[in-house]
Amino acid sequence: MAGKKTARVPRAAYEQELLRLQTELVKLQEWVRAEGTRLVVVFEGRDAAGKGGTIKRVSEHLNPRVARTVALPKPTERERTQWYFQRYVEHLPAAGEIVLLDRSWYNRAGVEHVMGFCTKEEYQLFLRQCPIFERMLVEEGILLRKYWFSVSDTEQQKRFRQRLKDPTRRWKLSPMDLESITRWEAYSRAKDEMLVHTDISEAPWFVVESDDKRRARLNMIAHLLGSVPYHEVPPPVLELPPRPPSTGYQRPPRDLQTYVPDHAASL
């Protein structure tokens, strides 16, 4: 459950602060690239908790060659026979890269466990191995940050209803998402059990109250920035060169090319 009710962040204040934080994220990106740092940010939480929207705001102004979002589909038959963490390892960052995990290896502690997609033995093995795996990542020098987006049951249902009515967001809903409503307590128990086993000092969990999406985005980004010892890297000095004089080039007649119709003119 989310914490006590607080006033929603006004849009003007939100947009101003978001832009400031996104500017700092660009500085963080340049520091990561210059220092050869490897940063992994895990986004977890219930369906409609606000993970995707926050990831979009984090990555909005970043270079996709440096910061990439990873959202893996369900495993293939071959991947099902691999070590559980194996398919995630190949998506870990190299030097100078940031990886934003839109859900992660914690699928096994949540949806797979609750929906019966893994055995009890596989689930227990995950809870034993996950802290070891994450300690290995940290010992390797990877910066690992884990965020759990916490949404109340009433707010989640409200967002589900909005998605049902909105054709641009209808794709976000699946039968499994809707079934999560009937399994609220099962997911709560799974989350509590997960935190007991995986909230380790080397890679602690940070809970983001997300009933107010604007507040959640600002709080999460501010915390991430505050948790990484980055500094501003001076950009290279760039100057626009003077345009050289014409050498006689003439553009071909416009009617030799096919142009997109001016749909905007009909508005």
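For clarity, every value in this text was computed on a predicted model and none was experimentally measured.

Quick word on the pattern of salt bridges
Side chains that differ in sign of charge can pair as their charged atoms come close.
Then, in step 1: Per the stated rule, a full pass over the model turns up 22 salt bridges.
Then, in step 2: For Arg-20, the salt bridge identified is with Glu-17, shortest N-O distance 2.7 Å. One end of the pair is Arg-20 and the other is Glu-17, both in helix H1 (residues 11-35) and three residues apart, which spans about a single turn.
Then, in step 3: What makes Arg-20 partly exposed here is its relative accessible area of 44%.
Then, in step 4: On the basis of relative accessible area, Glu-17 is assigned to the partly exposed category, the value being 25%.
Then, in step 5: Arg-108 is paired through a salt bridge with Glu-112; the nearest N and O atoms lie 2.8 Å apart. Both residues of the pair, Arg-108 and Glu-112, belong to the buried class.
Then, in step 6: In this structure, a network of salt bridges that share partners links the residues Arg-8, Glu-155, Arg-159, Asp-212 and Arg-215.

Comments concerning the pairing of strand S4 (residues 143-150)
Then, in step 1: S4 sits mainly inside the fold: seven of its eight residues count as buried.
Then, in step 2: Where S4 lies against strand S5 (residues 205-209), five bridges are found, and the strand directions are parallel. Looking at the pairing, Trp-148 lines up with Val-207 of S5.

Topic: the UniProt feature "domain: Polyphosphate kinase-2-related" (unreviewed entry) in the chain
Then, in step 1: Under the UniProt annotation, the feature "domain: Polyphosphate kinase-2-related" (unreviewed entry) is placed at residues 11-233.
Then, in step 2: Secondary structure across residues 11-233 comprises 52% helix and 14% strand; the distance between its end C-alpha atoms is 31 Å.

Structural notes on the nonpolar core
Then, in step 1: Formed by 30 residues in total, the largest nonpolar core has its most connected members in Leu-25, Leu-28, Val-41, Phe-43, Val-58, Met-220 and Ile-221.
Then, in step 2: Listed by contribution, the elements that provide at least two residues to this core are H1, strand S1 (38-45), helix H2 (51-59), strand S3 (97-102), S4 and helix H10 (213-227).
Then, in step 3: In terms of residue count, the dominant contributor to this core is H1 (seven residues).
Then, in step 4: The contacts of Leu-28, once residues within four sequence positions are left out, are Leu-39, Leu-225, Val-228 and Tyr-230.
Then, in step 5: Core analysis: the next-biggest nonpolar cluster, separate from the first, contains 27 residues, Val-70, Trp-105, Tyr-123 and Trp-148 among them.

Regarding unusual backbone geometry
Then, in step 1: One non-glycine residue with positive phi stands out, namely Ala-48, at about 65 degrees.
Then, in step 2: For Ala-48, the location among the structural elements is in the loop between S1 and H2.

Procedures and definitions
Residues numbered from 1 in each chain as written. Predicted model: local features only at pLDDT ≥ 70, side-chain atom pairs only at ≥ 80, totals over all residues. Heavy atoms only, no water. Salt bridge = Lys/Arg side-chain N within 4 Å of Asp/Glu carboxyl O. Helix = DSSP H or I, 4+ residues; strand = E, 2+ residues; numbered from the N terminus. Buried < 20%, exposed > 50% of the residue type's maximum accessible area, 1.4 Å probe, protein only. Pairing = 2+ DSSP bridges. UniProt positions renumbered as here; feature names shortened; annotations may be inferred. Core = buried A, V, L, I, M, F, W, Y, C linked by side-chain atoms within 4.5 Å. Contact = heavy atoms within 4.5 Å.

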